[in-house]
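# Summary of structural features
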Amino acid sequence: MAPVRLRHPKGVSTIELPFDADFTVQDLQQEIYAATDILPSRQILKSGYPPRALTIVPELPLQSLGLQRGDQIIVSEAPVEQAAPARPQPSSPPARAPLAPASTQARAAAAPTPRSAPVQTSPPVQTTGPDSVEVDGSFLIHRVVPDDNSCLFSSVALVFEQSITNAPQMRKIVADGIRNNPETYNEAILGMPPSQYITTITKPSSWGGAIELSIIAAHYSAEIASIDVETGRIDHFSPGEHGAASGMRAILVYSGIHYDAASLAPMADAPDEWHQTLFPIRSTDVNSDPILVAAKKLADILRSKKAFTNTATFDLKCEQCGQGLKGEKGARAHAEQTGHVRFGEY
């Protein structure tokens, strides 16, 4: 038995499927029906990235769909007039295909009068909610995390662990990465003794940057692509020598002083559990990879709203002693001199 996740109008479910020759597509439809209450004749199934429609031939074995252990199936319900026509019934029912319960048959018989599906040639104008960009029929969405000095750790926790509450765990991963690789993360690289850096970075008030992203990318064996809102530049943090590349990529959005995440969902207002946060790497070329193209468009939208800070010129104040500072360099110099790490923008 192997788990397969279902995303459907009622939420998220996990079903266990036997990937053997005796289990058919029709059996899968019955499992989906049990979890979603969507009749097999009205199920629209998609899987993969970009999500592709699965060709449903009920009599074929499950392997005909090309599903793998841990895959995700997006389930939606066809309007009444789009439901698949009834198939002629065989002389004897398949051994593994149970009949729908009587209550379901009654509901089907009492189906409402068909109505035309709405025609939509372009996504609706976005008036509320986070910014998003359409890509391959889905939406790359700006996932805003709290501005609390842990934004980098919250963002990577969101994309790798699906919850910003795991941000402290991300700090521990960084500390362990430095501790376990003393030759790579030495005092020259860190700007301070490794033990001091570990003590600092494990505090909730400490910011993270390139070093932290490199360590986290290695830990999860996945690339992290960080797009700068002000310039549109994309920095790629690969697993490197300390991580076996999985061929997957996460997207972060960097405003100059703040990190957010980006994730893909089948609709702009989809619930959090419907979001995909890791993507197959198609290319490092922004013009060849659809997710990188969408990420750049998302940065364009945020730039047009002035949602960035020029870290070389912005004015800061140390929230621990009140001293005024100029730019990121001034903040770093002050932190090295005083040990203060809490800064606010004027």
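Residues numbered from 1 in each chain as written. Predicted model: local features only at pLDDT ≥ 70, side-chain atom pairs only at ≥ 80, totals over all residues. Heavy atoms only, no water.

### Some remarks on the overall build of the chain
- Within the chain, the regular secondary structure consists of 9 helices and 15 strands.
- Relative to its full complement of 346 residues, the chain shows a buried share of 42%.
- Taking the contacts inside the chain whose residues are at least 6 apart along the sequence as the reference set, 63% of them involve residues at least 24 apart.
- As presented, the chain carries roughly 18,300 Å² of accessible surface, and 52% of it is formed by carbon and sulfur atoms. (Helix = DSSP H or I, 4+ residues; strand = E, 2+ residues; numbered from the N terminus. Buried < 20%, exposed > 50% of the residue type's maximum accessible area, 1.4 Å probe, protein only. Contact = heavy atoms within 4.5 Å. Areas by Shrake-Rupley, 256 points an atom, 1.4 Å probe, with all protein chains shown as cover.)

### Details of the nonpolar core
- Membership of the largest hydrophobic core comes to 35 residues, with the highest contact counts inside it found for Val156, Phe160, Met170, Ile178, Leu213, Ile216 and Ile224.
- Secondary-structure elements contributing two or more residues to this core are helix H3 (151-161), helix H4 (167-180), helix H6 (194-201), helix H7 (210-220), strand E10 (248-254) and strand E11 (259-265).
- The greatest single-element share of this core, amounting to 8 residues, is contributed by H3.
- Filtering out sequence-adjacent residues up to four positions away, Leu213 remains in contact with Leu152, Val156, Ile224, Phe237, Leu252 and Tyr259.
- Among the nonpolar cores identified, the runner-up in size contains 20 residues, and Leu140, Ala262, Phe279 and Ala295 belong to it. (Core = buried A, V, L, I, M, F, W, Y, C linked by side-chain atoms within 4.5 Å.)

### Examining the packing of H4 against H7
- Where H4 meets H7, the closest approach of the two axes is 9 Å, and the angle between their N-to-C directions is 90°. Looking at the two axes, H4 sits roughly perpendicular to H7. In contact with Gln169, Met170, Ile173, Val174, Gly177 and Ile178 of H4, H7 contributes Glu212, Ile215, Ile216, His219 and Tyr220.
- Class assignment for the residues of the contact of H4 with H7 results in 7 nonpolar, 3 polar and 1 charged. (Axes fitted to C-alpha atoms, helices over the stretch in contact; angles between N-to-C directions. Parallel < 35°, antiparallel > 145°, perpendicular 65-115°, else oblique. Nonpolar A, V, L, I, M, F, W, Y, C, P; charged D, E, K, R; others polar.)

### Considerations on the packing of aromatic side chains
- This structure, assessed with the given rule, holds 2 aromatic pairs.
- Seen in terms of ring centroids, Phe160 and Tyr220 are 4.3 Å apart; in terms of plane orientation they differ by 5°. Their pairing is stacked. Separated by 60 residues along the polypeptide, Phe160 in helix H3 and Tyr220 in helix H7 bring together distant segments of the chain. (Phe/Tyr/Trp six-rings, centres within 6.5 Å; stacked < 30°, edge-to-face > 60°.)

### Description of the sheet that holds strand E1 (residues 2-8)
- Pairing within the open sheet is mixed, and its 5 strands lie in the order E2-E1-E5-E3-E4. Both outer strands of the open sheet, strand E2 (11-17) and strand E4 (52-53), are each paired with one neighbouring strand and no more.
- Contacts from helix H1 (residues 25-36) reach E1, E2, strand E3 (43-47) and strand E5 (72-77) within the one sheet, and its direction differs from that of E2 by about 145°. (Pairing = 2+ DSSP bridges.)

### Some thoughts on the pattern of salt bridges
- All told, the structure shown has 9 salt bridges when counted by the stated rule.
- The residue Asp235 makes a salt bridge to Arg233 at a minimum N-O spacing of 3.0 Å.
- Note on Asp235: relative accessible area 27%, which makes it partly exposed.
- Judged by its relative accessible area of 42%, Arg233 is partly exposed. (Salt bridge = Lys/Arg side-chain N within 4 Å of Asp/Glu carboxyl O.)

### Digging into the side chain of Asp228
- Mapped onto the elements, Asp228 comes out in strand E8 (residues 223-228).
- Salt bridges are absent for the buried Asp228, whose nearest opposite-charge side chain, Arg233, sits at 4.3 Å.
- Only 3.1 Å separates the side chain of Asp228 from the backbone nitrogen of Glu230, close enough to count as a polar contact.
- With residues up to four places along the chain from it excluded, the contact list for Asp228 reads Arg233, Tyr254, Ala299 and Arg303. (Lys, Arg positive; Asp, Glu negative; His and termini not counted. Polar contact = N/O pair within 3.5 Å; in protein donor to acceptor, adjacent residues only side chain to side chain.)

### Comments concerning H4
- The end-to-end C-alpha distance of H4 is 20 Å, a good match for the 20 Å that 14 residues give at a rise of 1.5 Å each.
- The complete set of buried residues in H4 reads Ala167, Met170, Arg171, Ile173, Val174, Ala175, Gly177 and Ile178.
- Here the buried face of H4 lies against H3, helix H5 (187-190), H6 and H7. (Expected span 1.5 Å × (residues − 1).)

On their own, these measurements won't tell you what the molecule is for.
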